[in-house]
Amino acid sequence: MNFKKPKYLKTCLKLLLLICAAELIGSEKGSADFLSEAEKEFIAEHPVVKVAPDKNFAPIEFVEDGEIKGFSGEYLRIISEKTGLEFKITQTDNWAETLESAIEWNSDVLSAAAYTEERKSRLLFSRPYVTFPIGIYTKLGGVYVTNLRELSGKKVAVVNDYAVEKWLRNDYPDIRIVETDSVTDSLQRLSEGKVEAVIEDFLVAKYNIAKYGIKDIKAAGATPYQYKICFGVRKDWPELRNIINKTIASLSEQEIARINKKWAESAIIHHINIKKARFWVTVSAGLGVLVTTLILLWNKKLKSRVKQSTNKLLAEKEKFKTILNSAGDAVYVHRQDGKLLLYNKQAMDELGYTEKELSELNVIDIDNNLNEPVDVQKALDNTAYGKSFVFKTENIRKDGSTFPAEVRLKSFEIDGEKVYLGISRNIEQRERQEKEQEAMVKLFRLVNCREKLSELIKELLPYLKEWANCDAAGIRLKKGEDYPYYHTAGFSDEFINSENSLCILNKKYRPVRGWRNETDLACMCGAVVSGEINRDIPNFTESGSFWTNSSSSLRDDFINTGFSENIRNRCCSEGYESIALIPLKDAGEIIGLIQFNSENKNNFDIETIRSLERIADSLACVVSRYTALSSLRESNKLFRLIYEKTLLGYQCLDTHGIIKEVNSAFLSIIGCSREEMLGKDFSEFLDANSANMFKKALSSEKSEVRELCLNLKSKKGENLFIEMDWNAEISRESSIENYHVIIRDATERKKSEERNRKLSEQLHQRQKLESLGTLAGGIAHDFNNILTAIMGHAGLAKKNCGEDSNAYKNITQILQASERAKKLVNQILTFSRSSDLQKTSVSICSIIDECLQMIKPSVPGNVRIYKFIRTSSDTISGNESQLLQIISNLITNSIHAVGEKNGQIYIIVEEALLEEPLVTINGNLSPGKYIKLTVSDNGCGMDEGTKEKLFEPFFTTKPVDKGTGMGLPVVHGIISSLGGLITIDSQAGKGTDFNIFFPPAENQQQ
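Because the structure is predicted, anything quoted here is derived from the model rather than measured.

Trainee: With reference to specific residues and values, describe the overall build of the chain.
Mentor: From N to C terminus, the chain includes 33 helices and 36 strands. Out of the 1006 residues belonging to the chain, those deemed buried represent 44%. Counting only carbon and sulfur atoms, one obtains 51% of the accessible surface of the chain, whose full area is about 54900 Å².

Shown next, in the form of structure tokens:
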């Protein structure tokens, strides 16, 4: 450090302050030079401006002796002095009138108006010239208020039309606002107990409390509001608002601080008690005499203290040297002719000079852009009037190298001589970062506006070539086992064709593989993409990049290290001296490289290589993103094809069963459009039982459900049988997000299974009935033979006995019992179809009439029988006695089913046309025309178990002595023998319908 000249000792102390303020650039503006021509014309046209002050807003603003005082008065005075404007007061009684006068343009300016959005629509606001918080005042002894909500329901005084009134009414409507004319009025009401609190600017409230001697009020809390006090200008005078803003901006920080100090302190010292003041003046005078005496005594010791002060000054000098040398930037002080006077250690380190060498230099010796003294003078002239001047330049090191620097220059005087302080910051790293950031911005901008990777690389690569100041560049990307060029810029076609592939081929043109069965890659590009970093060669970085500034001189190094085996050396033979190969890495995997070639030597440095590596890392992420997006597009295309063309239905459901997506296959199953399905609860399309099953499966939160069978209602009202499989989509938080459901339409399969089941049951029933019929037929034939013998011998015995003998009577009983047994045998033979009866054309209606006439005496009085004939063709081919037996059996069963309650039996004859085969457990009917006989009652009905066994022999629901269990089996056998079919429709407690289908007589004849 150069501190030899005594007159610069004082410089050190001044520089300490200058360095602390070196970052601040600013200067005072003079008079009205800061105004535009339009603004000056406005002043000429409107030299007098009407001002509406708030006379009760001290110390921010008040009127005294016909003048505006306080903060606003101070600023009005300065505006008047600097611009020549004259301000005339508009008289009002209170703030509400003041505000109204400005809004109605009876006044031109509000000199102290708080900014609000509502007022903004009526006035133009200047920049705030003072800001104060708004507080809460209560009576002494009251609690402190931490939140305005604590004042809900309480009376709170606020000056009418003050901004805080509007804010409170909007944000806290529960507070009972009491409007007053002034701050003094608000505080007086609080003191008298008429309100419970006052909300006002802290400074204004404090001023008024001191002025009027109000002693029973305290500050009880703060509000979230503050007053930003501005000038409010009429809407059609934007020039005046600009004049005010520019005048306020021209003020120095010292002037603003002086105004703030003057009027803020006035709130504290205003109206101090005069008697107390006189008392303290007297005390101060006495203390002054005492102090004077003490000073005289102190002078005796002054000489001994001088030495101590000198030592302190030297210590301060050392402290200053330490502070100066601790600065991160180079600091210079030089004369107007450029001669260096003072500099710190950072300056010596950056430039490479010793302290003695630097003391002999001029500023033009270290600044590459200041070659002539006149250039120095231009820079120095820019620092006139105390301004700071900032400019960029190049500094020259001792070795001749240069680096960019940003210099901040400011002038000051020492002992009447003008000197300059320069702070020089090395911005080499900053410019490198800005350049790198520019490349990153370019890359990401292309990512946002280029859909294809090829388009992005085609535009980015030439930019990176220019960025790296190279003659050629290329990008290699992995393709199979090779890394061919994806795109190049600056390489010849011959170079690209010969160097495109990195794979080393054998004589059969197949890739040569190493001991790990990996393809051997040629040249330095192959070494980089394979990750084979040779630590013996300093040209490799830790990140795996290779670079050189002289490829021709590197050849010998390769030979010495044994690294030249697969080196083609094509770049060197093409005249490229500087080469950089930067790997593209994504998640640790090398997916390619970026290559930069320059014909100039020394084109790269390590910092440039590191920048290229960071750019390459970002580019690798982009390449992987585009590759992943391309694969994703192909995958989505394939998925969409499968999704839309599959025959299986698909839907995506949320955890509540709401449909989020469906495919075309499912829409075709249910017959709805996509809009009709999306957003609906899937259970709405199921029957009640299936909906419950679906909700139960959903609430189980199983991640996998298989073969859930449900009944689906199609849009056409058809009942469809479906099978569902689903898998849950699990989120990162391990919770279920969606269900992906596969739906199979199993309706036809279900119908087929049902038909097969019925056919199987029918076959089983027929086999059972046939077995029983065969058994019963055999027994009946044998029993019939026995009955013949019994009846023959009994008849002979009867003839040999007298009619009055007991034997005659007994034999008569034997013959009667045998006749009954014979009838039973005939029924059994009829059931087993073992008896052949002659068939004729018979009218069903006539048989019904005959049967009703025959059973009429035995019909109970509580039963009524109704007959309905709905066809004129009632002739069938059959046996009258068998038909009579069918009808009488069915009517008798219905009478028994009705029991003792009032019942109705309906006998209906009508035509029936079957369009589809009728398949039941009791037999089948082909499509065609039939005569249908229905016997219906409202009796006790039957359950499903009874209906299944109804036609089995000897099965009966009657008491043991009331039925044989052969009535309906015989009916079934007769109907089957006539080519007909009997069906039953019955529910327990709701009656029974027997429906019999007979082929018409003409069909039988055909």
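Trainee: So what's going on with the environment of Y172? Which residues, and what values?
Mentor: Note that Y172 resides in the loop between α6 (163-171) and β10 (176-180). In the structure, Y172 is positioned 23 residues away from R149 in sequence and 7.1 Å away in space, judged by C-alpha atoms.

Trainee: I'd like to hear about the packing of aromatic side chains, residue by residue, with values.
Mentor: Any two aromatic rings considered together are summarised by their centre-to-centre distance and by the angle between their planes. Taken as a whole and assessed by the stated rule, the structure comprises 23 aromatic pairs. Each ring, one from F42 and one from W237, has its centre 5.2 Å from the other, and the planes form 80 degrees; the classification is edge-to-face. Placement of F42 in helix α2 (residues 37-45) and of W237 in the loop between β12 (217-234) and α9 (238-249) is noted, with a sequence separation of 195 residues between them. Both residues of the pair, F42 and W237, belong to the buried class. Between F682 and F694 the ring centres are 5.3 Å apart and the planes differ by 70 degrees, which places this aromatic pair in the edge-to-face class. With F682 in the loop between α25 (674-677) and α26 (688-699) and F694 in helix α26, this pair connects stretches of sequence that are 12 residues apart. Members of the aromatic cluster, connected to one another through ring pairs, are F57, Y162, W167, Y225 and Y227. One cation-aromatic arrangement involves K218 over Y144; the distance from NZ or CZ to the ring centre is 3.8 Å. The positively charged end of R234 is found above the aromatic ring belonging to W237, 4.5 Å away from the centroid.

Trainee: Residue-level account of the pattern of salt bridges, with values.
Mentor: A complete count under the given rule lists 36 salt bridges for this structure. The partner of E74 in a salt bridge is K262, and the shortest N-O contact between them spans 3.4 Å. On the criterion of sequence distance, the pair formed by E74 in helix α3 (residues 70-83) and K262 in helix α10 (residues 253-269) is long-range, its members being 188 residues apart. For K262, a relative accessible area of 42% corresponds to the partly exposed category. One salt bridge in this structure joins R169 and E165, with 3.1 Å as the shortest N-O distance. Of the two residues, R169 and E165 both sit in helix α6, four residues apart, roughly one turn of that helix. Judged by relative accessible area, R169 falls into the partly exposed class, the value being 40%. The network of salt bridges with shared partners includes E74, R77, E81, R258 and K262.

Trainee: Tell me about the side chain of N995, and please be specific about residues and values.
Mentor: Positionally, N995 belongs in strand β36 (residues 992-998). The class of N995 is buried, set by a relative accessible area of 12%. At 3.0 Å, the side chain of N995 and the side chain of T934 are in polar contact. If we ignore the near neighbours within four places in the chain, the residues touching N995 are K932, L933, T934, L981, I982 and T983.

Trainee: Got a sec to walk through the packing of helix α17 (residues 428-449) against helix α18 (residues 453-467)? Specific residues and values, please.
Mentor: For the pair α17 and α18, interaxial distance at closest approach is 10 Å and the crossing angle is 170 degrees. In terms of axis orientation, α17 runs roughly antiparallel to α18. For the pair α17 and α18, contact is made by K435, E436, E438, A439, K442, L443, R445, L446 and V447 and by L456, E459, L460, Y463, L464 and W467, respectively. When grouped by side-chain class, the residues that make up the contact of α17 with α18 number nine nonpolar, no polar and six charged.

Trainee: Summarise the sheet that holds strand β13 (residues 330-335); cite the residues concerned and give the values.
Mentor: Judged by pairing direction, the sheet is antiparallel, and its five strands sit side by side in the order β14-β13-β17-β16-β15 without closing on themselves. Bordering the open sheet on either side are β14 (340-343) and β15 (388-396), each of which pairs with just one other strand. When strand polarity is set aside, the average angle formed by the axes of neighbouring strands in this sheet is 30 degrees. Pairing of β13 with strand β17 (residues 417-426) involves six bridges; the strand directions are antiparallel. For A330, the partnering residue across the bridge sits in β17 and is S424.

Trainee: Can you lay out the nonpolar core for me, pointing to particular residues and giving the numbers?
Mentor: Membership of the largest hydrophobic core comes to 80 residues, with the highest contact counts inside it found for V164, L168, I199 and Y227. Among the elements that take part in this core, β12 stands out by supplying seven residues, more than any other. Setting aside its immediate chain neighbours within four residues, I199 contacts I134, G135, I136, L148, L151, V156, A157, V158, V164, L168 and T223.

Trainee: Break down the packing of α2 against α9 for me, with residues and values.
Mentor: At a minimum axis separation of 10 Å, α2 and α9 run at an interaxial angle of 110 degrees. Judged on the interaxial angle alone, α9 and α2 are roughly perpendicular. By crossing handedness, the relation of α2 to α9 is classed as left-handed. Together, E39, F42 and I43 of α2 and E239, L240, N242, I243 and K246 of α9 make up the contact between the two elements. Of the residues that constitute the contact of α2 with α9, the class distribution is four nonpolar, one polar and three charged.

Trainee: Quick one: what's the story with the pairing of strand β16 (residues 402-414), residue by residue and with numbers?
Mentor: Each regular strand displays side chains that alternate between the two surfaces of the sheet. Across the 13 residues that make up β16, a large majority, 10, are buried. Relative to β16, β15 runs antiparallel, the two sharing nine bridges. Looking across to β16, one finds that N395 is bridged to F403. Remark: five residues form the turn of the hairpin made by β15 and β16, two consecutive strands paired antiparallel; G400 in that turn has positive phi of roughly 95 degrees. Bridge count between β16 and β17: 10 bridges; the pairing is antiparallel.

Trainee: Go over a nonpolar patch on the surface with me, naming the residues and quoting the values.
Mentor: A cluster of nonpolar side chains, contributed by I779, F783, I786, I790 and I814, occupies part of the molecular surface with about 430 Å² of accessible area. Looking at the element boundaries, I779 is found in helix α27 (residues 747-799).

Trainee: How would you summarise α17 if you had to cite specific residues and measurements?
Mentor: With 22 residues, α17 should reach 32 Å at 1.5 Å per residue; the first-to-last C-alpha distance of 32 Å fits that figure. Every buried residue of α17 is accounted for by R432, E436, A439, M440, K442, L443, L446 and V447. Down the axis of α17, the sector holding all buried residues measures 150 degrees, keeping them to one side. Exposed side of α17, more than 90 degrees from the buried face: Q437, V441 and N448 are the residues found there. Buried residues along α17 sit against α18 and α23 (606-645).

Cut-offs and rules
For every chain, the first residue of the written sequence is number 1, and numbering continues from 1 along that sequence. Since the coordinates come from a predicted model, pLDDT governs what is reported: local features require at least 70, and pairs of side-chain atoms require 80 or more to be given and counted, while whole-chain, interface and lining totals use all residues. Hydrogen atoms and water are omitted, and side-chain values are computed over all heavy atoms in the structure. Numbering of helices and strands runs from the N terminus; a helix is a DSSP stretch of H or I covering at least four residues, while a strand is a stretch of E covering at least two. Exposure classes here rest on a 1.4 Å probe applied to the protein chains alone. A residue is buried below 20% of its type maximum, exposed above 50%, and partly exposed in between. Accessible areas in this description were obtained via Shrake-Rupley with a 1.4 Å probe; residue shielding takes into account the shown protein chains only. The pairing test for Phe, Tyr and Trp rings, Trp by its six-membered ring, is centres within 6.5 Å, and the orientation test on the planes gives stacked under 30 degrees, edge-to-face over 60, and tilted for anything in between. Two limits define a charge over a ring: the Lys NZ or Arg CZ must be within 6 Å of the ring centre, and within 35 degrees of the ring normal. A pair is scored as a salt bridge if a Lys or Arg side-chain nitrogen falls within 4 Å of a carboxyl oxygen belonging to Asp or Glu. Polar contact is defined as a pair of N or O atoms within 3.5 Å, subject to the rule that within protein one atom must be able to donate a hydrogen and the other to accept it, and that residues adjacent in sequence are counted only when both atoms are side-chain atoms. In what follows, a contact means two residues having at least one pair of non-hydrogen atoms within 4.5 Å. Axis definition: a line fitted to C-alpha atoms, limited for helices to the stretch in contact. Angles are taken between N-to-C directions and run from 0 to 180 degrees. Just so you know how the angles are binned, under 35 degrees is roughly parallel, over 145 roughly antiparallel, 65 to 115 roughly perpendicular, and the rest oblique. The residue classification treats Ala, Val, Leu, Ile, Met, Phe, Trp, Tyr, Cys and Pro as nonpolar and Asp, Glu, Lys and Arg as charged. All others, Gly included, are polar. Criterion used throughout: strands pair if DSSP finds at least two bridges between them. We define the nonpolar core as a collection of buried residues of types Ala, Val, Leu, Ile, Met, Phe, Trp, Tyr and Cys that are connected through side-chain atoms lying within 4.5 Å of one another. In this scheme the handedness of a crossing depends on how the near helix is turned from the far one: anticlockwise by less than a right angle means left-handed, clockwise means right-handed. Put simply, a patch holds well-exposed residues, over 30% relative accessible area, that have no salt bridge, with like charges counted together within 9 Å and Val, Leu, Ile, Met, Phe, Trp or Tyr side chains within 5 Å. A helix is expected to reach a length of 1.5 Å times the quantity of its residues less one. Arc definition: it is the arc formed by the directions from the helix axis to the C-beta atoms.

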